[in-house]
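Here's the letter readout for the chains.
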Amino acid sequence: MSLPQRLFAGPSFADRLAAAGNRPAGFDYLRLLLSTLVIVTHAVGVAYGVGETLRIFGGALRPAVALILPMFFALSGFLVAGSLERCRSLISFLGLRLLRLVPALAVETFAAAIVIGAIFTTLPLKEYFASPLFRQYFLNILGVVQFSLPGVFLDNPWAGLVNGQLWTLPWELYCYLIIAGITALGLLRRSDRALATILAVHAVIFVIYVLIRRHQPGVTVSGPVLILCFLYGIGFYLFRKRIVWSKALFALSLGATLLGLSFPGGDYLIALPCAYLTAFIGLTRPRRVWLVSSGDYSYGLFLYGFPIQQAVVATFGAGGQSWWANAAISWCLAFILAFLSWHFVEKNAMKLRPRLLATETSLLARLPGPIVFAGWFRSRRIIAALAMGLIAAAAAGTYLALRKPAENFPLLARLAVINAQIGEADPDYVFIAGDSNAEMINSTHRLCGRNVVNAGISGAKMTDMNGHWAKFAFTKKPSTIVILVGTNDLHRKRNPTQPKYLDAFERNTDRLIASAAALSAKVFVAAVPPAEPSMIKYYEPAAVVALSERLKRACSRNACTFIDPFAGTRDGVDGLAKPDSTHDGIHVRSYREAMASVEAEICS
């Protein structure tokens, strides 16, 4: 046997499953590890804010962090395929999925809304429970994810977000519906059809999101990538007799996955190697310890981790702890709740399985024909109807994929916080809008003796601001508006010093000033803050001067005043900042000093 043959030789996945009695311990440990890593990675965001998460995990660490959720979905696909094979029909399969997910989710939703929300809301309890946002939160039980509760966690670094982890829940439900649909159409009965279906879905998603939309995901991967990982997890289970459990293939798959997560568009190529490395680890057989033998606590850790992390930050105060302390404290508290969830909710819900199977038997006996996987849908009429439904669903999915993408959940949560603060503001408040330089301003700092509503949205460019502005609910008009935008327009990849870019920037500035002037007679536009020399490879210092000049020109034509609250941090006139005047190369160390400069301008 040659060296390559020896490297890639080994037992099949099916052999590994059989040797472990179809319950290899690797999957139990992997579930627990992945749910723990979700808490650990979220700790950076909840302790320091979204901007710090993007800075830390958006670079070299991104592949390791972005790998967590794809492995979760590949694991789910592999195990769910086995569950599907053991079910008589889709009735029991979908019923068991609901029993596994919904009861624990419902309990967590009530706990977050009634206990955590009531403790940490800044509103009087009467207003809190009467708020429409409180009632909408219970839509989480149906998979319609709501991320915010009224007045809850507004002062946290990751402001206003109660359960950010739930953004994956709708994608998991989509996966179950997809596997149910392709099973009903008989596409999983033969391996060649299953493989063709998975490859076709992969090709369609790649074309839409990479070639047409040129999607650029953030720290983690997008929902369609998770669906692909789920499908390949199913594929590896279906082909388990032919796939070799090989350490060499595991190493190659790990390398290919990390490489794919390192370059634009590569996310949409990782599903196959990610599913292999996930199944390989899952099919290992370490000795079970009490932590995994006494119950499956991964779902509870996933559900309770983020709300607990936000509650820990709110208890200790923003900046009162490091990310690792947040992760350690929150994991321990979330594990206690996960333990209770498993033993008192999840395990008891699964006791309904015999009743579900009895209901399935009764329904199958009443339906005409053998409604089981081996003989479903032999009627041409039913097949034609299902095919038409599949075509309609594909057309609707294509339309939704090609239309302008909706905002992501951090933006939606941030807008909810901003609008809640507008509604609670005193008359004649000061409204500060912009990017992260606005969001980092302490909103408890009053200006001119008046309330401040901080409407900063990290990552916003000038082109984004007009769209964001349309979503602000100005139930009360501000007396003064301050706009701080431009830092995200400095990035070299935008070629910000080109006349075409500068002209577009100025036109958008005119629109934004006009919108602000319609609300307030006092509108102030701030110069673009400088960047330190260490950031030159990312940001164009010359654009600081050019963009600031365009802001000044726009103000000279419109009803606004141009100010420079960052003058004290500038090192001359070339767009660079003084040494050590920022904490990360782009954001100033003291926004209090910058606001003192603003206050001197707007209060005179």
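The structure under discussion appears in the preceding block.
Residues numbered from 1 in each chain as written. Predicted model: local features only at pLDDT ≥ 70, side-chain atom pairs only at ≥ 80, totals over all residues. Heavy atoms only, no water.

Chemist: Outline the overall build of the protein chain, supporting the account with residue identities and numerical values.
Modeler: Each helix and strand counted, the protein chain has 25 helices and five strands in total. Per-residue burial for the protein chain yields a buried fraction of 52% across its 604 residues. Accessible surface, the protein chain: about 27,300 Å² in total, of which carbon and sulfur atoms supply 64%. Side chains of the protein chain carry 57 positive and 35 negative charges; the gap between the two charge centres is 15 Å. (Helix = DSSP H or I, 4+ residues; strand = E, 2+ residues; numbered from the N terminus. Buried < 20%, exposed > 50% of the residue type's maximum accessible area, 1.4 Å probe, protein only. Areas by Shrake-Rupley, 256 points an atom, 1.4 Å probe, with all protein chains shown as cover. Lys, Arg positive; Asp, Glu negative; His and termini not counted. Charge placed at Lys NZ, Arg CZ, Asp CG, Glu CD.)

Chemist: Describe the pairing of strand S3 (residues 480-484), with residues and values.
Modeler: For S3, the tally of buried residues reaches five of five residues, placing the bulk of the element in the interior. Both faces of S3 are covered, namely the face carrying Thr480, Val482 and Leu484 and the face carrying Ile481 and Ile483. Examined bridge by bridge, strand S1 (residues 430-434) and S3 share five bridges and lie parallel to one another. Counted as the bridge partner of Gly434 is Leu484 from S3. (Pairing = 2+ DSSP bridges.)

Chemist: Mind laying out the packing of aromatic side chains, listing which residues take part and the relevant values?
Modeler: Taken as a whole and assessed by the stated rule, the structure comprises 30 aromatic pairs. On the basis of an interplanar angle of 35° and a centroid distance of 6.4 Å, the ring pair of Trp290 and Tyr297 is categorised as tilted. Trp290 gets classed as exposed once you look at its relative accessible area, which sits at 51%. An aromatic cluster is built from Phe13, Phe27, Phe78, Phe236, Tyr237, Trp245, Phe250, Tyr276 and Phe280, whose rings are joined through pairwise contacts. Cation over ring: Arg97 sits above Tyr176, and NZ or CZ is 5.8 Å from the ring centre. Just above the ring of Tyr237 sits the side chain of Arg240; from NZ or CZ to the centre is 4.0 Å. (Phe/Tyr/Trp six-rings, centres within 6.5 Å; stacked < 30°, edge-to-face > 60°. Lys NZ or Arg CZ within 6 Å of the ring centre and 35° of its normal.)

Chemist: Go over the packing of helix H3 (residues 25-48) against helix H14 (residues 271-282) with me, naming the residues and quoting the values.
Modeler: One way to put it is that H3 packs onto H14 with a least axis distance of 6 Å and a crossing angle of 115°. Contact residues: H3 offers Gly26, Phe27 and Leu30, while H14 offers Thr278, Ala279, Ile281 and Gly282. The class makeup of the residues in the contact of H3 with H14 is four nonpolar, three polar and no charged. (Axes fitted to C-alpha atoms, helices over the stretch in contact; angles between N-to-C directions. Contact = heavy atoms within 4.5 Å. Nonpolar A, V, L, I, M, F, W, Y, C, P; charged D, E, K, R; others polar.)

Chemist: An account of the pattern of salt bridges is needed here, citing residue identities and associated values.
Modeler: A complete count under the given rule lists 16 salt bridges for this structure. Of the charged contacts in the structure, one is a salt bridge between Arg100 and Asp296, with a shortest N-O distance of 3.2 Å. A residue pair is termed long-range when its members are at least 10 positions apart, and Arg100 in helix H7 (residues 90-120) and Asp296 in the loop between helix H15 (290-293) and helix H16 (298-316) qualify at 196 residues. Given a relative accessible area of 17%, Asp296 falls into the buried group. In this structure, the salt-bridge partner of Glu439 is Arg414, at a minimum N-O distance of 3.5 Å. Here the residue Glu439 occupies a position in helix H21 (residues 436-439), and Arg414 occupies one in helix H20 (residues 409-424), the gap between them amounting to 25 residues. On the basis of relative accessible area, Glu439 is assigned to the partly exposed category, the value being 26%. Ionic contacts of the salt-bridge type, sharing partners, join the residues Asp28, Arg31, Arg100, Arg288, Asp296 and Glu346 into one network. (Salt bridge = Lys/Arg side-chain N within 4 Å of Asp/Glu carboxyl O.)

Chemist: Tell me about helix H11 (residues 191-212), and please be specific about residues and values.
Modeler: Between its first and last C-alpha, H11 extends 30 Å over 22 residues, near the 32 Å set by a 1.5 Å rise per residue. Buried within H11 we find Ala194, Thr197, Ile198, His202, Ile205, Ile208, Tyr209 and Val210. Trailing H11 by a residue or two, Arg214 shows a phi angle of about 50°, which is positive. (Expected span 1.5 Å × (residues − 1).)

Chemist: An account of the state of the cysteines is needed here, citing residue identities and associated values.
Modeler: Working definition: the covalent bond between the sulfur atoms of two cysteines is a disulfide. By the definition in use, this model includes two disulfides. The partner cysteine of Cys448 in its disulfide is Cys603, sulfur to sulfur 1.7 Å. On the S-S bond that ties Cys448 to Cys603, the torsion sits near -90°, and the link is left-handed. With a gap of 155 residues between them, Cys448 in the loop between H21 and strand S2 (452-456) and Cys603 in the segment after helix H25 (591-602) connect regions that are remote in the sequence. Judged by its relative accessible area of 23%, Cys448 falls in the partly exposed class. One disulfide bridge connects Cys555 with Cys560, the sulfur atoms lying 2.0 Å from each other. Its S-S torsion of approximately -135° makes the covalent link between Cys555 and Cys560 left-handed. On the basis of relative accessibility, which here comes to 5%, the residue Cys555 falls in the buried class. For the protein chain, the bonded cysteines pair up as 1-4, 2-3 when numbered in the order they occur along the sequence. (Disulfide = S-S within 2.5 Å.)

Chemist: So what about the sheet that holds S2? Which residues, and what values?
Modeler: The five strands are arranged S2-S1-S3-S4-S5 in an open sheet whose pairing can be described as parallel. Two strands bound the open sheet, and with one partner strand each, they are S2 and strand S5 (561-563). The sheet shows a mean angle of 20° between the axes of neighbouring strands, taken without regard to direction. Note: S1 against S2, five bridges, orientation parallel. Of the residues in S2, the one forming a bridge with Gly434 is Gly456. Its contacts with the sheet put helix H24 (residues 541-557) on strand S4 (522-526) and S5, and the angle it makes with S5 is roughly 155°.

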